[in-house]
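In case you want the letters, here they are:
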Amino acid sequence: KNKVLDTSSKDLTPSYDWFQTDHLVTVVIYTKQKGMNSEMVIVDHQDGRLRVDSILRDYSYLLHIELSYAVQEDITVHIAEKVGKVEIVLKKKDNIPWSKLGQPLESHSSFIKCTDRGLCYRRCKLISKTEVTHDTKLFCLMLPQSTHLQVPVGHHVYLKQIIAGTEIVKPYTPVSCSLKSDFKEPSHYDGTHLILMIKIYPNGLFTPELDHLQIGDYISVSNSEGSFKKSQVQTLEDLFLLAAGTGFTPMVKLLNYVLTNVCSLRTVKLMFFNKTEDDILWRNQLEQLALKDKRFEVQFILSEPKKEGTGKQGKISSSLLSEFVKRSKKDSKILICVCGPAPFTEQGIQFLQNLGYSKEEVHSFTA
Ligand code: FAD
Ligand code: NAD
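Residues numbered from 1 in each chain as written. Chains lettered and ligands numbered in written order. Predicted model: local features only at pLDDT ≥ 70, side-chain atom pairs only at ≥ 80, totals over all residues. Heavy atoms only, no water.

**Describing the nonpolar core**
Core analysis: the largest hydrophobic core is formed by 38 residues, its most contacted members being Leu239, Phe248, Leu254 and Leu286. Those elements giving two or more residues to this core turn out to be strand 11 (136-142), strand 15 (193-199), strand 17 (238-244), helix 2 (249-261), strand 18 (267-274), helix 3 (283-292), strand 19 (296-302) and strand 21 (334-339). For this core, the two domains that each supply at least three residues are domain 2 (121-222) and domain 3 (230-364). Residue contacts for Leu239: discarding those within four places in its chain leaves Leu254, Val258, Leu265, Thr267, Val268, Lys269, Leu335 and Cys337. (Core = buried A, V, L, I, M, F, W, Y, C linked by side-chain atoms within 4.5 Å. Buried < 20%, exposed > 50% of the residue type's maximum accessible area, 1.4 Å probe, protein only. Helix = DSSP H or I, 4+ residues; strand = E, 2+ residues; numbered from the N terminus. Domains from an automatic or database assignment. Contact = heavy atoms within 4.5 Å.)

**Things to note about the pattern of salt bridges**
The full count for this structure, using the stated rule, is 15 salt bridges. Across the pair Asp44 and Arg122 runs a salt bridge, and its minimum N-O distance is 2.6 Å. Linking Asp44 in strand 3 (residues 41-46) with Arg122 in strand 10 (residues 121-131), this pair joins segments that are 78 residues apart in sequence. Connected through salt bridges with shared partners, the residues Lys129, Lys137 and Asp211 form a single ionic network. (Salt bridge = Lys/Arg side-chain N within 4 Å of Asp/Glu carboxyl O.)

**What to know about the environment of Ser317**
Along the chain, Ser317 falls in the loop between strand 20 (312-313) and helix 4 (318-324). Here Ser317 falls in the partly exposed class, since its relative accessible area comes to 22%. With 34 residues separating them along the chain, Ser317 and Arg283 place their C-alpha atoms 22 Å apart. A distance of 3.4 Å separates the side chain of Ser317 from the side chain of Ser319, its partner in a polar contact. (Polar contact = N/O pair within 3.5 Å; in protein donor to acceptor, adjacent residues only side chain to side chain.)

**Describing the sheet that holds strand 20**
Here six strands make up an open sheet; going across it, the order is 20-19-18-17-21-22 and the pairing parallel. Looking at the sheet topology across the chains shown, the edges are occupied by strand 20 and strand 22 (362-364). Sheet topology note: the strand 18/strand 19 ladder contains seven bridges and is parallel. Residue pairing across strands places Phe273 opposite Ile301, the latter belonging to strand 19. Across the sheet, helix 2 is in contact with strand 17, strand 18, strand 19 and strand 21; its angle to strand 17 comes to roughly 165°. In the packing of helix 5 (residues 342-354) onto the sheet, the strands contacted are strand 17, strand 18, strand 21 and strand 22, and the crossing angle to strand 21 comes to about 155°. (Pairing = 2+ DSSP bridges. Axes fitted to C-alpha atoms, helices over the stretch in contact; angles between N-to-C directions.)

**Focus on the pairing of strand 12 (residues 157-163)**
Along any regular strand the residues' side chains alternate between the sheet's two faces. Buried residues dominate strand 12, accounting for five of its seven residues. Counted along the chain from strand 12 to the antiparallel partner strand 13 (residues 166-172), the turn is two residues long, and its residue Ala164 has a positive phi close to 50°. Examined bridge by bridge, strand 12 and strand 16 (residues 218-222) share two bridges and lie antiparallel to one another. Bridge pairing in strand 16 places Lys160 opposite Ser220.

**Remarks on the domain arrangement of the protein**
Split into domains, the protein comes out as domain 1 (15-116), domain 2 (121-222) and domain 3 (230-364). The distance between the C-alpha centroids of domain 1 and domain 2 comes to 26 Å. The interface is formed by 12 residues belonging to domain 1 together with 10 residues belonging to domain 2. When domain 1 packs against domain 2, close to 1,000 Å² is buried across both sides, 42% of that on carbon and sulfur atoms. The largest share of the area that domain 1 buries against domain 2 comes from Glu39, Asp44 and Glu73, three residues that together contribute 41% of it. Along the contact surface separating domain 1 from domain 2 lie one salt bridge. If you look at where domain 1 meets domain 2, you find seven residue pairs in polar contact (both at pLDDT 80 or more). Broken down by element, the side of domain 1 that touches domain 2 gets its largest block of residues, six residues, from strand 3. Looking at the side of domain 1 that touches domain 2 residue by residue, the class counts come to five nonpolar, three polar and four charged. (Buried area = accessible area lost by both parts, 1.4 Å probe. Nonpolar A, V, L, I, M, F, W, Y, C, P; charged D, E, K, R; others polar.)

**What about the state of the cysteines?**
Taken as a whole and judged by the stated rule, the model has zero disulfides. Cysteine Cys337 shares no disulfide, and the gap to the nearest cysteine sulfur, in Cys339, comes to 9.3 Å. The exposure class assigned to Cys337 is buried, which follows from its relative accessible area of 0%. (Disulfide = S-S within 2.5 Å.)

Below is the structure:
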């Protein structure tokens, strides 16, 4: 009776079922889609409510249930990628038989466009705050044990704070804990923590409040959003990254991802725009990476340099880009990624379009 029966072979609406042993309750979602992965399933369990959001291309299938009985905090998620089956294993607090899984909650069993789903937040604990530059810090947030949330490359989350009685929400792009050319082993932080690189604006609305958070404090973090798809880099040969200021953040996971996973890749070039030399994020790590990995090259462009002769001077321009964005060989498959202040990104896209690059060859990170 828990199953939405699939009567038509063409019906691609997911369905679910559940079963139990003395100690465990297993919820199974049949997504009916191949190529599922761990990033496509977001699980939360708070106050006896289980919420499982399965992202199937542009659609979201939600399971949302007030569980019949209490379960322990640690929840396991298994994904059978090829058959598209998602298994959520819950540990019973009391070893009694359940006659039903629970009561349906809002939007339970709905299958709608992701854009219509709305954001879901969970409280995350601030574990550490470390300086990157004079105004930018790394915030490490720990997800609740009962949350399964992995942010895909190039996607962002929203942080929410109540400021002077008003709910304020701003987007931030998670980064990896470092840039590594030997990025083979997943970090122990993967899947359990989110690392955000955030610039604090003294006159800003949101970031000064964020900076006031103490270690051990909690902050609300949303599901992720974003238009970037890994398929855009799958058979890539040349990758060009144009980043300004904190527009560097989406480039971090992207760099780690392509240098580790894209075997067709020949060159990756980052052009990093900042006001002064003191504003350059992870300069040392970028230079180390360029030394270690011959495919990677970085150039720093300063708009307000303090000293003469420390790198190139200027702002984004057509001549700078035409020199920089050059295919490593004729007809090579390229992608150019742009991220920074809105006018920077808009100008970048315009210059690239004028230089003859197609829409598919240019990706900009925006909310
Ligand atoms: P705001 O109040 O927005 O002010 C920012 C600056 O603008 C301040 O210097 C302020 O004095 C000035 N300002 C405000 N209003 C005006 C005005 N009317 N005229 C002139 N100046 C003004 N940021 C990061 O640090 N890290 C990230 O990973 C990151 N990821 C992002 C991802 C996406 C998709 C997007 C869209 C943005 C991202 N941002 C990121 C930016 C972030 O969302 C915030 O915009 C940023 O933190 C500023 O927030 P704030 O409220 O503190 O500052
Ligand atoms: P910043 O003010 O320190 O400027 C960094 C560089 O950007 C400058 O040196 C200059 O070269 C260039 N720049 C700035 N304003 C420009 C303009 N009007 N025209 C052309 N070039 C310009 O940058 P910041 O304070 O670190 O801001 C970073 C921006 O990136 C923020 O607006 C943030 O919202 C955005 N961001 C977006 C995403 C995303 O995914 N969309 C992610 C992270 C950051």
